[in-house]
Amino acid sequence: MMVQMDVSWLRVLLDNISSYLSLSSMEGLLHSNPAYEYYTRGEDISKLLMPVLDNLIDSDAAPSELLNNGFEELSQYVDELRDQFQSWQPLSTRIFYVLRIESLASKLRESSLEVFQLLKHCEQHLPADLLSPSFEECIELVKLVAREEISNTIDQALKDQKKGVGPTLEVMLKIAKCVGLRSNQEILIEGVVLSNMKETAEITDNDTEAEYLDGLISLTTRMHDYLTDIKHAQLRCPVRVPSDFRCSLSLELMTDPVIVASGQTYERVYIQKWIDMGLMVCPKTKQALSHTTLTPNVIVRAFIASWCETHDIYPPDPLELIQSSQPFPLLVESGSGDDSSGTVLDDSLKSEKASSLDAEELHQIFNRSASAPGIVSDVFSKPKRRTYAADTSGALTRSNIPWKFPEERHWRQPGIISATIRETGSSSSIDPEVKKLIEDLTSSSLDTQREATAQIRILSRNSTDNRIVVARCGAIPSLVSLLHSTDERIQTDAVTCLLNLSINNNNKSLIADSGAIEPLIHVLKTGYLEEAKSNSAATLFSLSVIEEYKTEIGKAGAIEPLVDLLANGSLSGKKDAATALFILSIHHENKTKVIEAGAVRYLVELMDPAFGMVEKAVVVLSNLATVREGKIAIGEEGGIPVLVEVVELGSARGKENATAALLQLCTHSPKFCNNVIREGVIPPLVALTKSGTARGKEKAQNLLKYFRAQKANQRRD
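The name given to the protein chain in an unreviewed UniProt entry is RING-type E3 ubiquitin transferase, with the source organism recorded as Camelina sativa. Reading the Pathway (unreviewed entry) entry of the UniProt record for the protein chain gives the comment "Protein modification; protein ubiquitination." Within the UniProt record for the protein chain, the comment given under Catalytic activity (unreviewed entry) is "S-ubiquitinyl-[E2 ubiquitin-conjugating enzyme]-L-cysteine + [acceptor protein]-L-lysine = [E2 ubiquitin-conjugating enzyme]-L-cysteine + N(6)-ubiquitinyl-[acceptor protein]-L-lysine."

A. Fine view of the overall build of the protein chain. Per the secondary structure count, the protein chain includes 35 helices and three strands. The buried share among the 717 residues of the protein chain stands at 54%. If you take every contact in the protein chain between residues at least 6 apart in sequence, the share linking residues at least 24 apart comes to 75%. When the accessible area of the protein chain is evaluated, it comes to approximately 30800 Å², of which 49% is carbon and sulfur surface.

B. Seen up close, the packing of aromatic side chains. Enumeration according to the criterion identifies seven aromatic pairs in this entry. Between Tyr36 and Tyr39, the aromatic rings sit 6.2 Å apart at their centres with planes inclined by 20°, giving stacked as the arrangement. With Tyr36 and Tyr39 both in helix H2 (residues 36-58) and three residues apart, this pair spans about one turn of that helix. Since its relative accessible area comes to 40%, Tyr36 is described here as partly exposed. Judged by its relative accessible area of 1%, Tyr39 is buried. Site record: aromatic cluster; members linked through ring pairs are Tyr20, Tyr36, Tyr39 and Phe85.

C. How the structure looks around the sheet that holds strand E2 (residues 265-267). Taken in spatial order, the three strands of this open sheet run E2-E1-E3, and their pairing is antiparallel. Each edge of the open sheet is held by one strand with a lone partner, namely E2 and strand E3 (295-296). Sheet analysis places strand E1 (residues 257-259) next to E3, joined by two bridges and oriented antiparallel. The residue bridging Ile259 from the neighbouring strand is Thr295, located in E3.

D. Region of interest: the nonpolar core. Counting 127 residues, the largest nonpolar core has Ile271, Trp274, Leu479, Leu566, Leu643, Leu662 and Phe707 as its most contacted members. Apart from residues lying up to four places away in sequence, Leu479 is in contact with Leu441, Ile456, Ala494, Cys497, Leu498 and Leu501.

E. Structural detail: the packing of helix H31 (residues 639-649) against helix H32 (residues 652-668). Contact geometry of H31 with H32 gives a least axis separation of 8 Å together with a crossing angle of 140°. Here H32 runs oblique to H31, going by the angle between their axes. As H31 runs across H32, the sense of the crossing is left-handed. Contacts between H31 and H32 involve Ile640, Leu643, Val644, Val646, Val647, Glu648 and Leu649 on the former and, on the latter, Gly654, Lys655, Ala658, Thr659, Ala661, Leu662 and Leu665. Residue composition of the contact of H31 with H32, by class: ten nonpolar, two polar and two charged.

F. Highlighting a nonpolar patch on the surface. The grouping of Ile677, Ile682 and Val686 at the surface amounts to a nonpolar patch, some 200 Å² of accessible area in total. Looking at where Val686 falls in the secondary structure, it is placed in helix H34 (residues 682-691). Judged by its relative accessible area of 34%, Val686 is partly exposed.

Conventions used here
Residues numbered from 1 in each chain as written. Predicted model: local features only at pLDDT ≥ 70, side-chain atom pairs only at ≥ 80, totals over all residues. Heavy atoms only, no water. UniProt positions renumbered as here; feature names shortened; annotations may be inferred. Helix = DSSP H or I, 4+ residues; strand = E, 2+ residues; numbered from the N terminus. Buried < 20%, exposed > 50% of the residue type's maximum accessible area, 1.4 Å probe, protein only. Contact = heavy atoms within 4.5 Å. Areas by Shrake-Rupley, 256 points an atom, 1.4 Å probe, with all protein chains shown as cover. Phe/Tyr/Trp six-rings, centres within 6.5 Å; stacked < 30°, edge-to-face > 60°. Pairing = 2+ DSSP bridges. Core = buried A, V, L, I, M, F, W, Y, C linked by side-chain atoms within 4.5 Å. Axes fitted to C-alpha atoms, helices over the stretch in contact; angles between N-to-C directions. Parallel < 35°, antiparallel > 145°, perpendicular 65-115°, else oblique. Left-handed = near helix turned anticlockwise from the far one by under 90°. Nonpolar A, V, L, I, M, F, W, Y, C, P; charged D, E, K, R; others polar. Patch = residues over 30% accessible without salt bridge, like charges linked within 9 Å, V, L, I, M, F, W, Y side chains within 5 Å. Salt bridge = Lys/Arg side-chain N within 4 Å of Asp/Glu carboxyl O.

Here is the structure:
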């Protein structure tokens, strides 16, 4: 029954409800809140309570102690809900936040039902104007407020995941929608936050929570993988874009790949946006970033350039993507129905295995011959000129490196290695097998060493994660020591393992610090197989991407054997040698060494399109032309006619670098300048100013300007 007593909790509840309902008028506060659906549930209940509370305060009746306790409880739940909605931060965990909100919303619903039930029981003691609508109607309306709980779906999904039978795509989409994980960025941020929470749980020995968080991390990883497949389906590419070529943030083909402190590679504008948000964590590995320096990944950039050229793919402009209204790929459209997101993947894509190019497969892509489809143009009609690759200025225009990596790496069949080792993940479950293989590398049995190097070779080419595991377990020093093996297969596989491992930026330092440079040069000089020499050259190139190793490799005596490989090696060896000489010749001290070793003569010879190395040779000559000795050597070795041919008939990048080299020659020597003009360079230069790359246009304009200045000077004389 109603008794006269203090109504303070009634007033507090009414004030808290007013504050809660006022949230809807605060622009932007609820718009991006992942728990907005639960706000509307609380809003519906609050609007039922408010007129009843107003009438109670205006009447002479006062609540009983039991009702007052109910009002106190309701007031606390409403206040907590308001605080939760006001305190939402985009960089906090969405899953735990929604689960907390859901729990409070559920308690609010049950508590309001109890209050209306109490009011119904004592309605005979209340004024008549309090009974419209009736408390029975209010009870029914509260029961109609949605009570579906995503927590039950998440719990079941984690159980299914643990059993290895799910969750299904539909369940993942439902969870993603309910907790507000709509975009790839939000999924990755959630993974980072959950990983931090798991680390805290492990430190405090909270094993139950750590296990629960680990399940949620796996769930978000599945969402990311699913979204990756959706994105690929939307790209409508004629071929599947290799996963190593896609940015984990944008899920797009990269055009300006950069390496972060964790060793992972991302599209520059996307990882910069990530860091600008205050996220000093690697999106993929969840590793804390020790610095924000973004290092261009010239190797991956060159891989992508060659792949795009081969498949006639035009990558998107990342600046346009990042400036769009939704720069990050969406998993769940805002406000969409449950069925709107799950229809993108067709059955064929669902069954298609994920593409992650092997390290050695990447080298194959990077070394397509000049006769590959889509690369070479029709034969030109001029009898004097040789046939060059067609102008592909529409290809990856932001790439400044024309390199294609070493040709076919005589692969072993994967059947010789266990299925566990062939997995692409970095799970600690493969650590024992990797460590056993490393022990076998030091065995006194050549057969055991041969088997171990072959298996590590296969393992290290499967994925970035596997390369990290192999290096972390300590394989590098043993592999370096095997570079001096007298067994040709062991030596070849050991150097190829190091090549594969060096694809990971962090591993480069580990390899160099293990004293690998001189043994690699030993293989380059005396390797038993051409494959070993070629892969040694490719490994030196990979290491020399890091500035300090350019000097070290040059001083260690790598240049002469590289030039020898350029002259006498197989076609694959020539390409690898040219690749290494290019990156080494960026360092000024190495330019003279390359020239003195006689490289210019062989580079000029390799500009014959039959070798498929025109762009490689031209870009090295362009580097060497920046020093006096290089200019003289190019002129004396007959480089001017072939450089002019490239300006006329080469690819966009070839024209650019050939023009740069000719500009250096002409400004050095009037004799060279006259020879260049006599070769008929002016018409193709004029054409280049209209249709070349930005750098090509600039060089062509400067060279034509120089010709005009020289002609004016001659008239004055």
